[in-house]
Amino acid sequence: MGRADGRRLELGFLTFVADGSSGNAGQALRDGLDLVRHAEDLGYDSAWVRVRHHEPYLSSPMTFFAAASQVTRRISLGTGVIPMRYEDPLRLAEDAATVDLLSGGRLELGLSNGIAPLAATLDVVHGTSTRGFAGEAQHRIDVLRRAIAGEPIAQAAAQYMGIPAGGDLTVTPHAPGLVDRLWYGAGSEATAVRTGRQGFDLQVSTLNTEETGEPFDVVQARQIRSYRKAFADAGHAGRRPARTSAGRIVLPFLSPQDAEDHRTFLEGYSSGMTSDGRPTGDSPFPVRYSSALSGDPDAIVETMLQDEVLEETDGLVIVLPAEGSREAHRRVLSAVAEHVAPHLGWTPAG
């Protein structure tokens, strides 16, 4: 079995690199590195990390990827996603270019505006903006893109080291090709279209921030198609292909232990939504969640083959639960690689 057009599906995974309740953040980081190495050994194409500030999860992805780049040789390393409203774009450009050079060009830099309702808390910490939440985030994304591309960010007002007055200031180091590996995490068709116009790659995840009454995968597949059209209409297709990835929670059970390891997560995830993914509580904006696919691998494959997004996307990203042991997450990646992904059009990377 596989995709109708015979295209190879790329396979990745997404992890929080969670400290959880252990209190041992150092071990959590080392466990995260072990998971990336394990995925590379299994033939996964990419490893993605969530980015969370002021929470017990990974907050410094470039530092983590600098370490990961030295213990792996092939797997791509991506962020899913960095909320740019509160990032320093020039500092991030420096760090990202350094990691990309250390890794041999393997960084995939996923971005987003961030979560606007959090501004009431985070503006107090990071400062306010007259541009508004989305306006400030998009401004910082544009500064980041130009800096990574090697464009001048300013001119020297006076002699600055070896740069004469009036000379261009650029971000160093420069990582050739990184500007073509910028992604945006979109949750609506309008955002997907903007992403295409900007020439970024597109990430869609387990959440849609628009509600049309249609099934989750139908809406998301349309987002991808609209993105590709906008990308082409803006003239970017002549420079390089558009790329997309789609996240799904996939937890194959090969033993009673697998079911027990993820029981608490699955109960909590399903308790907050209806059977078609609508939240049961109050939400500040329209939202729909994808289902968590768990249990028998063959049944998971049959369900995923009906997912309209699978025919549209270039990559499938397995979203791991926020909590869980290193061993449980390793077993998920192994089970997906052995029993699920090969039936969806994936072959292990060499």
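Details of the structure are given in the entry above.
The model shown is predicted, which means the values in this text are computed figures rather than measured ones.

**Considering helix α2 (residues 61–71)**
Counting along an α-helix, one turn takes 3.6 residues, and residues three or four places apart therefore face a common direction.
Part 1: Looking only at α2, the buried set comprises Pro 61, Met 62, Phe 64, Phe 65, Ala 68 and Ser 69. Taken down its axis, α2 places every buried residue within 150° of arc, on the same side. More than 90 degrees from the buried face of α2, the exposed residues found are Thr 63 and Gln 70.

**Quick notes on the pairing of strand β3 (residues 76–79)**
Part 1: The side-chain alternation of β3 yields two buried faces, one formed by Ser 76 and Gly 78 and the other by Leu 77 and Thr 79.
Part 2: Bridge count between strand β2 (residues 46–49) and β3: 4 bridges; the pairing is parallel. Paired with Val 49 across the strands is Thr 79, a residue of β3.
Part 3: Crossover β2 to β3 through α2 is right-handed.
Part 4: Two elements, β3 and strand β5 (residues 107–112), share 2 bridges in a ladder whose sense is parallel. Looking across to β5, one finds that Leu 77 is bridged to Leu 107.

**Brief notes about the packing of helix α8 (residues 256–271) against helix α11 (residues 326–340)**
Part 1: The N-to-C vectors of α8 and α11 enclose an angle of 120°; their axes lie 11 Å apart at closest approach. Considering their axes alone, α8 and α11 lie oblique with respect to each other. In this structure, α8 crosses over α11, and the sense of that crossing is left-handed. Contacts between α8 and α11 involve Gln 257, Asp 258, Asp 261 and His 262 on the former and, on the latter, Ala 328, His 329, Arg 331 and Val 332.
Part 2: For the contact of α8 with α11, the residue count by class is 2 nonpolar, 3 polar and 3 charged.

**Some points on the nonpolar core**
Within soluble globular proteins, side chains that are nonpolar tend to cluster in buried spots.
Part 1: Judged by nonpolar contacts, the single largest core of 78 residues is most densely connected at Phe 13, Tyr 44, Met 62, Phe 65, Leu 109 and Val 336.
Part 2: Those residues in contact with Phe 13 that lie beyond four places of it in its chain are Leu 35, Val 36, Ala 39, Tyr 44, Ser 46, Ala 47, Trp 48, Val 317, Ile 318, Leu 320 and Leu 333.

**So, unusual backbone geometry**
Part 1: Along the chain, Gly 80 connects to Val 81 via a cis peptide bond; the corresponding omega equals 5°.
Part 2: Mapped onto the fold, Val 81 is located in the loop between β3 and β4 (82–83).
Part 3: Cis geometry is adopted by the peptide bond preceding Pro 173, which originates at Thr 172 and carries an omega value of -5°.
Part 4: Unusually for a residue other than glycine, Met 161 sits at a positive phi of about 50°.
Part 5: Along the polypeptide, Met 161 turns up in the loop between β6 (154–155) and β7 (168–169).

**Section: the packing of aromatic side chains**
Part 1: With the rule as written, the count across this model stands at 8 aromatic pairs.
Part 2: Ring centres of Phe 16 and Tyr 57 lie 4.9 Å apart, and the angle between their planes is 55°; on these two criteria the pair is classed as tilted. Residue Phe 16 is found in the loop between β1 (10–15) and α1 (25–42), and its partner Tyr 57 is found in the loop between β2 and α2; the two are separated by 41 residues along the sequence.
Part 3: Taken together, a centroid distance of 6.1 Å and an interplanar angle of 50° make the contact between Tyr 44 and Trp 346 tilted. Of this pair, Tyr 44 sits in the loop between α1 and β2 while Trp 346 is found in the segment after α11, placing the two residues 302 residues apart along the sequence.
Part 4: In this structure an aromatic cluster arises from ring pairing among Phe 13, Tyr 44 and Trp 346.

**Quick word on the pairing of β5**
Part 1: Counted residue by residue, β5 has 6 buried out of 6 residues, so it is predominantly covered.
Part 2: Residues Leu 107, Leu 109 and Leu 111 line one face of β5 and the alternating positions Glu 108, Gly 110 and Ser 112 line the opposite face, and both faces are buried.
Part 3: The sheet contact formed by β4 and β5 spans 2 bridges and is parallel. Paired with Pro 83 across the two strands is Ser 112, which belongs to β5.
Part 4: Remark: the β4/helix α3 (residues 89–103)/β5 crossover connection has right-handed handedness.
Part 5: Direction of pairing for β5 relative to strand β8 (residues 182–185): parallel, over a ladder of 3 bridges.

**A short note on the side chain of Asp 201**
Part 1: Structurally, Asp 201 can be placed in strand β9 (residues 201–204).
Part 2: Within the local environment of Asp 201, its side chain forms a polar contact with the side chain of Arg 240, the two groups lying 2.8 Å apart.
Part 3: At 2.8 Å, the side chain of Asp 201 and the side chain of Arg 243 are in polar contact.
Part 4: For Asp 201, the residues in contact, after removing those within four places along its chain, are Asp 180, Arg 181, Leu 182, Trp 183, Tyr 184, Thr 195, Tyr 227, Arg 240, Pro 241, Ala 242 and Arg 243.

**What to know about the pattern of salt bridges**
Part 1: If you walk through the whole model with that rule in mind, you get 36 salt bridges.
Part 2: Lys 229 is paired through a salt bridge with Asp 233; the nearest N and O atoms lie 2.7 Å apart. Residue Lys 229 and its partner Asp 233 are both found in helix α7 (residues 216–233); the two are separated by 4 residues, about one turn of the helix. With respect to burial, Lys 229 and Asp 233 carry one shared label: exposed.
Part 3: Each of Asp 31, Asp 34, Arg 37, Arg 326, Glu 327 and Arg 330 takes part in salt bridges that share partners, so that together they form one network.

What counts and how
- Residues numbered from 1 in each chain as written.
- Predicted model: local features only at pLDDT ≥ 70, side-chain atom pairs only at ≥ 80, totals over all residues.
- Heavy atoms only, no water.
- Buried < 20%, exposed > 50% of the residue type's maximum accessible area, 1.4 Å probe, protein only.
- Helix = DSSP H or I, 4+ residues; strand = E, 2+ residues; numbered from the N terminus.
- Arc of directions from axis to C-beta.
- Pairing = 2+ DSSP bridges.
- Right-handed = clockwise from strand over helix to strand, strands pointing away.
- Axes fitted to C-alpha atoms, helices over the stretch in contact; angles between N-to-C directions.
- Parallel < 35°, antiparallel > 145°, perpendicular 65-115°, else oblique.
- Left-handed = near helix turned anticlockwise from the far one by under 90°.
- Contact = heavy atoms within 4.5 Å.
- Nonpolar A, V, L, I, M, F, W, Y, C, P; charged D, E, K, R; others polar.
- Core = buried A, V, L, I, M, F, W, Y, C linked by side-chain atoms within 4.5 Å.
- Phe/Tyr/Trp six-rings, centres within 6.5 Å; stacked < 30°, edge-to-face > 60°.
- Polar contact = N/O pair within 3.5 Å; in protein donor to acceptor, adjacent residues only side chain to side chain.
- Salt bridge = Lys/Arg side-chain N within 4 Å of Asp/Glu carboxyl O.

Keep in mind these numbers describe shape, not what the thing actually does.
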